[in-house]
Amino acid sequence: MVGFRHLFRMQKRLQNLEVQRVAALGRNDWKEFESSAAGLEELIRDPGFKAMPVRQLIGGLNVIAESRRILFVVHGRADDLDKAITLWREALDISTKLRRTDYQANFHNNLGLALDTLFGVTGERRFFEESVRHAERAVEITSPGSPDMPRHASTLALRYQTRYRLTGDLADIEESVKLLESALRQERKREGSAKIRHNLSMCLMDRFRHSEDPLDLERSYDLIEQALRDTERNDPEYVDTLNVLAGRLETLASVTGDRALLERALAHYREVIEWFAGNPGKRLGVERNLATCLMATYHLTGDAGQLQDALFLMKEVVAGTGEEHPKYSGRCADLGRIHYERHLVTADEGDWLEAVRAFGNSCRTGLIADPAMALQAGRGWGDAALAKERWAEADVAYDYAVKAVDALWRAQISPSYRESWLARAVGLHARSAYAAARAGDLRKAAARLEHGRAFALSEKMALVEVELDRLETLGHGELRHRFLIARNRLFGAAGSDAGHLRELRDELMDVAAQIADVDGFQDFLQPPTFEGTIAPIARADPGRVLVYLGATHVGGLAVIIAADGEPFVIWLDSLTEEQVEGVYRDFSRANGRRLVDRAGWDHTLETVTSRLGAMVMGPVVKALTTVASHWERAPEVMLVPQGLLSSLPLHAALVEDREGPAQGVGGGHTGHVLDHVSGFSYAPNARSLRRAEWSEPPSATALAAYNTCDGLTFSPAEAHLVAQRLPEHCTVAADPGRTEVLTRLRSDRVVHLAVHGRSDPYRPVDSHLLLATGPLSLKEILEVDGSTRCELAVLSACETGVPGERLPDEAVSLAVGLLHIGVSGVVSSQWAVSDSAALLLMAKLYELFTVAELPMARALRRAQIWLRDASCDDLATLLDEIGARLPTAEAAAFREAAREVRWNWSDNRPYNGLRHWAAFTFTGIHGTREHACE
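The model shown is predicted, which means the values in this text are computed figures rather than measured ones.

A.B. asks: How would you sum up the overall build of the protein? Please name residues and give values.
C.D. replies: When helices and strands are tallied, the protein shows 39 helices and 16 strands. Counting over 934 residues, the protein shows a buried share of 59%. Intrachain contacts of the protein at a sequence separation of at least 6 include 70% that bridge at least 24 residues. Put simply, the protein shows about 38,100 Å² of open surface, and 51% of that area lies on carbon and sulfur atoms.

This is the structure in structure tokens:
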């Protein structure tokens, strides 16, 4: 039994020690502060302490724990942090037993902070995961209007920020910003607002590093500057805030080139280092910041002394950072960059080897702890090695970067977040392939080029692949059932909160991992391989060659795979990223002005196709001529171009005079690529072509639809002609609606649409076909679920094959969208064409397809050559044949329009220009069923 007087003396001593502690904290008198903390700890060991009122009992534990946390910040002693965590756990247990949720929330919050700090010291992920749980629980049980809510929300925001840095999941950084914005609006105390501004500044800076939005940088700087003004110099948070402010000044200087900002940043960093002289952990972090600031100064001034000082500091930082530390990867990357910078100045091989070692350590540890850093380090290392022609080193570096992209992709729960990471990886897979090919591994090079194309399309196809039915026959029906349930739950949860989406994604990936353990499913949802993905497509048609094209900053390559041999490579030294971007820019600009400058458009098409022939397609055709000399006919080419190459008319490239690979093809005269092959098609990747064999058996029905709006004078004639040519029962539909078209895409063997189309290169999912009931967008097409019977879709409309510009490797277009839902092959256009040219081309195309029974890739190639070379007499004969086939109701109007077209023919080959005949392309596989992948 504790006496009243003893209890009173303990309460009085507790109050005195707390006053002493606060006073010492205000003076930064750490010796006195530690003495008061020790006195408090001695007090709580008194047997009578637990008899004190609950408020004082729990409050005393909290004060001592907070004191130990502060001492850890000041001195960096691990036992101080351990004591703080132990005390907060004890306080939480007591408050939980007493059901005091007000106290519980605070202790959950404080414990979450301390565990996160412990994670930073040890690198053990379990401490971080526990810290997130405590922070989430604190917010969950805190009343929305409570004065504690801003502090608890801020703590949770920082946990999500840390998780973003660990996984790259952009949903976490967005949630962090939202939480902190809300906390800042609720906080009424000046010191509390300062801390929230500090934290919000850091989160906005993380978002800026990814988005490069200058508004995030500007606001981050304003927030941290205000936070510093509102923080007392004797507050332990002051020095951290000063460190962050220095970082913002450094970033602003890198954007503006203002040396004065760098000088201010350097001064702040040095002040902070002095403050942290007794805390090695904190000091190392600031020394790293100082080193990067010295490097920024070196880049502005060229002062080699700054470079040397930065290297000295960074070596010390890495040496003092354990591999388990969450920031080890980033610090190794910084050291690698500094060594490489000095290597560029001195050409010292030792610096290069040290840079390679540092980059390797960064990538190796970053794949686990910081995949975004592994991507950055791997790509930087690979680019440097590629420039030095260190092919094997570049191959290893890019391997790390590609694995990091895969990890970042899987971590995202939103398509927009996934796209933002893919934007950071544009060109990476082509560079990786180039390095692998130079190192002698052509199979790996082909697989890398395959892997870099259409991430989203390939994953969606894997998730809906009907091959999963084979699980049932192997006795794993329950596993298939669980996978389909998990997949449908994830697909149906769009718009849900981030936490729920993350749970559903993890559930789906868990089942997918179990499927991958089944014999025959080892590659399920895994990156493509040459043997498992590319070789089966190459073997499917002995007369076809698969050609992957890629451009890098040092040159390009074509990897060619035929059915009867290993891949071989053609080096394309002039095919650089810069050259491709220049060609695309000229092409895109002239296309945008084609209505007001037709002559300029024609000239640009001639120039572009000539440059494409010289850079890429000429050498490819020459190689095919050489290797295919033993074939009975010229090969059919299926092209898988990387990046912006996929937006250019490679099939129409002008190639120099050379002998064709077979009699009657090429003919030994200058011409376009189509003159030197027997057929030509494009593919987003080889994986997308596998859907050709998964589709249900084709039906005996077809649809030929057209719009009656202005500008499509010949569309009714085109639709009726298609219906007459097709052997299936074909419905001719005027002004079809969206529902009808989507239904017929799932049920009919052939769907032909003579309508208007619009592409949106900036938001490709908004590209659409204009139908009677409104636009049918790519987004709606991609939402079609289930299998389709459609073997061929012909989009006789403008710009239906134009992919998005921001992520060209994703190949997001109306044509590829139809492959996405299971259509085997699609005819689409790269630019707008005249109504009459479309009619004549389609008339010849369907004649070759149905009468001559040519596969579509070959039929389109011959139809385009015919239109290019046709005389006025040839064209007039075809128009007469079309008119004779039309129903009486359509014939009179058609003949009148045809007379007007003939009147405007000004030379004997009126459609010889590229803009008339070269716009249409074929994507995918189409023909009889033996043309599908086996």
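Still more to cover.
A.B. asks: Break down the packing of aromatic side chains for me, citing the residues and quoting the values.
C.D. replies: For any pair of aromatic rings, the description rests on two quantities: the centre-to-centre distance and the angle between the ring planes. Under the criterion given, the structure shown has 15 aromatic pairs. Plain terms: the ring middles of Phe587 and Trp601 are 5.7 Å apart, the flat faces sit at 50° to each other, and that makes the pair tilted. Here Phe587 is found in helix H27 (residues 577-592), whereas its partner Trp601 is found in helix H28 (residues 598-627), with 14 residues between them in sequence. Take Phe587: its relative accessible area is 3%, and that puts it in the buried class. One cation-aromatic arrangement involves Arg438 over Trp571; the distance from NZ or CZ to the ring centre is 3.6 Å.

A.B. asks: Can you break down the pairing of strand E7 (residues 679-682) residue by residue, with the values?
C.D. replies: Going residue by residue along E7, you find Gly679 and Ser681 tucked away on one face and Phe680 and Tyr682 tucked away on the opposite face as well. Of the pairings in the sheet, the one linking strand E4 (residues 636-641) to E7 comprises 4 bridges and is parallel in character. Counted as the bridge partner of Val637 is Phe680 from E7.

A.B. asks: I'd love a proper account of the nonpolar core, names of residues and values included.
C.D. replies: Leu375, Leu428, Leu546, Tyr548, Val559 and Ile561 are the most contacted members of the largest nonpolar core, which totals 107 residues. The element that contributes the greatest number of residues to this core is helix H18 (residues 391-411), accounting for 9 residues. For Tyr548, the residues in contact, after removing those within four places along its chain, are Ala446, Leu449, Glu450, Ile534, Leu557, Ala558, Val559, Ile561, Val640, Gln642 and Ala686. Core analysis: the next-biggest nonpolar cluster, separate from the first, contains 98 residues, Trp601, Ala623, Leu644 and Ala857 among them.

A.B. asks: Mind laying out the sheet that holds strand E12 (residues 768-771), listing which residues take part and the relevant values?
C.D. replies: Taking strand neighbours across the sheet as the criterion, the 3 strands line up as E11-E12-E13 in an open arrangement whose pairing is antiparallel. Edge strands, defined here as strands with exactly one partner in the open sheet, are strand E11 (756-758) and strand E13 (774-777). The average undirected angle you get between the axes of adjacent strands in this sheet is 30°. Where E11 and E12 come together, 3 bridges link them in antiparallel fashion. Bridge pairing in E12 links Gly757 to Leu769. Sitting on the sheet, helix H32 (residues 738-747) is in contact with E12 and E13, with an inclination near 30° to E13.

A.B. asks: Now, about empty space enclosed by the protein: what can you tell me, with residues and values included?
C.D. replies: Within this structure, the stated rule accounts for 6 cavities of 30 Å³ or more. There is about 190 Å³ of room inside the largest cavity. Together, 16 residues line the largest cavity, and Ser646, Tyr682, Gly801, Val816 and Thr923 are the ones closest to its centre. Contributing elements (two or more residues each) for the lining of the largest cavity: helix H34 (814-820) and strand E16 (920-924). Grouping the constituent residues of the lining of the largest cavity by class yields 8 nonpolar, 7 polar and 1 charged.

What counts, and where the lines are drawn
Residues numbered from 1 in each chain as written. Predicted model: local features only at pLDDT ≥ 70, side-chain atom pairs only at ≥ 80, totals over all residues. Heavy atoms only, no water. Helix = DSSP H or I, 4+ residues; strand = E, 2+ residues; numbered from the N terminus. Buried < 20%, exposed > 50% of the residue type's maximum accessible area, 1.4 Å probe, protein only. Contact = heavy atoms within 4.5 Å. Areas by Shrake-Rupley, 256 points an atom, 1.4 Å probe, with all protein chains shown as cover. Phe/Tyr/Trp six-rings, centres within 6.5 Å; stacked < 30°, edge-to-face > 60°. Lys NZ or Arg CZ within 6 Å of the ring centre and 35° of its normal. Pairing = 2+ DSSP bridges. Core = buried A, V, L, I, M, F, W, Y, C linked by side-chain atoms within 4.5 Å. Axes fitted to C-alpha atoms, helices over the stretch in contact; angles between N-to-C directions. 1 Å grid on protein atoms, 1.4 Å probe; cavity = no way out; pocket = protein on both sides within 12 Å on 5 of 7 lines; lining within 4 Å. Points joined across faces, edges and corners; volume = space filled by probe spheres on them. Nonpolar A, V, L, I, M, F, W, Y, C, P; charged D, E, K, R; others polar.

Shape descriptors only; they carry no functional weight alone.
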